[in-house]
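Listed below are the residues making up each chain.
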Amino acid sequence: MPKIELSDRFCQTAKPTSGLQVEFFDTVVKGLSLLASAGGAKTFYLNYTRPTDGKRARMKIGRYPEMKLGKAREKARAGRGGIGEGQDPLVEKRALAASQTVADMVDNYIARHASTKRSGDEIARRLRKNVKDVIGEIKLSELHRRDVTKCIDTVKDRGAHIEANRLFEDVRAMVRWARGRGDLDSNLVEGMRRPTETTERDRVLSDDEIRTMWAALAKADARESTRRIIRLCLVTAQRVGEVSGMTRDEIDLDEKVWKIPAARSKNKRDHLVPLSNWAIDIINEQLADAEALADRKGREVSRFVFPGPGARAAVTGAAIAKAVKREETTKRNATTIMGVASWTPHDLRRTAATHMEEIGISPFVIGHVLNHISATKASITSRVYARYDYAREKREALELWAARLAGILAPAPARVVAIRGGRR
């Protein structure tokens, strides 16, 4: 029964030197221990004497690293405080578990964890619709993995295979979080496999497909703001969620740059996107329309470049993907969207990157344009020491791509003419 002042570093490396497991007792908070097994599992416990009968007892507080040491000490102190008042923390925990439902777990996870993530709104939507509304009334103490399977199968049976995979990831993260907090005693999804095996997409639109899609987009059953987002995805090569969530304070039209903050960037890094003249034209058109709408409605201009209904939030990337999907038609067993083989907004990003490479732009520079860490921060040198932002090279790349795109979309007789500056 070794005693030691537990630390985060010690918790990371703790393991038994002999036998299957060893328990380390904290010298800072009486009764707190860390049980480390040979398999790598580490669990915090509160060891105490029951106030009712004087017998020794132990209560699982949470799993490390899902629960950090500071939180474990906080819970241990709270438990010991209750003992001093004649309460048995294990009895209290079981009573709470018996009263909590899956709906409670979903709400707690969204409020305390998912809301801090960039995709928090989408996670909340999936969990509320596909978990809370389906099995929300089930007690946590009675929750079984077959209930989780029921939620995922319901989505999969609708034919929404990608949505089913995303829901599985959401549920897995939520269960791990709840287990780390001590709300669940077991990992219900351990050993479960993704519901659908997906392959990496490689869809790239050809020159002819870009021309056809661009012409059909003008007549698509969608808002003009949606059409502009789709055009910007192709012109800037940025993610649809980042384009649709653009705010006014992110863009500097005088400097011709768009600064995506780390909080909105997929890889949590600030990203500077040089804007071609074409991109600025699209943004200016949208800003003018948004201001005119706000004036008609008698409300303040939204801080979002592409405000959603009510202007309280931005249009989501998921909404743009759905708008594209609504244009899907099937004739003679051939499925098309806007006159070409099915595509998604993310395929436009890949299309831009591929065409940039075809016109001779370095893949390394393209990686910076796309804000891909795998390409730009792959080594310790580029990750820690090299601070050059490649802004000049990114601007050249995006202006060359805008000029190339303008050439693709030009009327047939004019396609042989080099169009400079990226303007239509």
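Residues numbered from 1 in each chain as written. Predicted model: local features only at pLDDT ≥ 70, side-chain atom pairs only at ≥ 80, totals over all residues. Heavy atoms only, no water.

> Help me out: how do you make sense of the packing of helix α14 (residues 363-370) against helix α17 (residues 391-409) in this one?
Between two packed helices, the angle of one axis relative to the other and the distance separating the axes together describe the packing. Running from amino to carboxyl end, α14 crosses α17 at an angle of 90°, the nearest separation of the two axes being 9 Å. Compared by their axis directions, α14 and α17 come out roughly perpendicular. Each of V365, H368 and V369 in α14 lies in contact with α17, whose residues at this interface are E393, K394, A397 and L398. For the contact of α14 with α17, the residue count by class is four nonpolar, one polar and two charged. (Axes fitted to C-alpha atoms, helices over the stretch in contact; angles between N-to-C directions. Helix = DSSP H or I, 4+ residues; strand = E, 2+ residues; numbered from the N terminus. Parallel < 35°, antiparallel > 145°, perpendicular 65-115°, else oblique. Contact = heavy atoms within 4.5 Å. Nonpolar A, V, L, I, M, F, W, Y, C, P; charged D, E, K, R; others polar.)

> Help me understand the environment of T49 in this model?
Relative to the helices and strands, T49 resides in strand β4 (residues 42-49). Classification of T49 by relative accessible area gives partly exposed; the value is 35%. In this structure, the C-alpha to C-alpha distance between T49 and D88, residues 39 residues apart in sequence, is 8.8 Å. Discounting residues that sit within four places of it in the chain, T49 has contacts with G54, K55, R56 and I83. A polar atom in the side chain of T49 sits 2.9 Å from the side chain of R56. (Buried < 20%, exposed > 50% of the residue type's maximum accessible area, 1.4 Å probe, protein only. Polar contact = N/O pair within 3.5 Å; in protein donor to acceptor, adjacent residues only side chain to side chain.)

> Mind showing me how you'd approach the sheet that holds strand β7 (residues 257-260) here?
Sheet strands pair by backbone hydrogen bonding; their relative direction is either parallel or antiparallel. Read across the sheet, three strands follow the order β6-β7-β8 without closing on themselves; strand pairing throughout is antiparallel. Because the sheet does not close on itself, it has two edges, and the strands there are β6 (251-252) and β8 (271-274). In this structure, β6 lies alongside β7, joined through two bridges in antiparallel fashion. Looking at β7, one finds that D252 is bridged to V257. (Pairing = 2+ DSSP bridges.)

> Please explain the packing of aromatic side chains as it appears in this structure.
What describes a pair of aromatic rings is the distance from one ring centre to the other and the angle between the planes of the rings. Scanning the model with the defined rule gives five aromatic pairs in all. Taking 4.9 Å as the distance between ring centres and 90° as the angle between the ring planes, the aromatic pair formed by F10 and F24 counts as edge-to-face. Of this pair, F10 sits in helix α1 (residues 8-13) while F24 sits in strand β2 (residues 21-26), and the two are 14 residues apart along the sequence. The pair F10 / F24 is uniform in exposure class, with both members buried. (Phe/Tyr/Trp six-rings, centres within 6.5 Å; stacked < 30°, edge-to-face > 60°.)

> Help me out: how do you make sense of helix α4 (residues 102-112) in this one?
Three or four residues apart is the spacing at which side chains of an α-helix point the same way, because the helix has 3.6 residues per turn. Buried within α4 we find V102, A103, M105, V106, Y109 and I110. Projected down its long axis, α4 shows its buried positions confined to an angular sector of 160°, all on one face. Every exposed residue of α4 that faces more than 90 degrees away from the buried side is listed here: A111 and R112. Buried residues along α4 sit against α5 (120-135) and α7 (161-181). (Arc of directions from axis to C-beta.)

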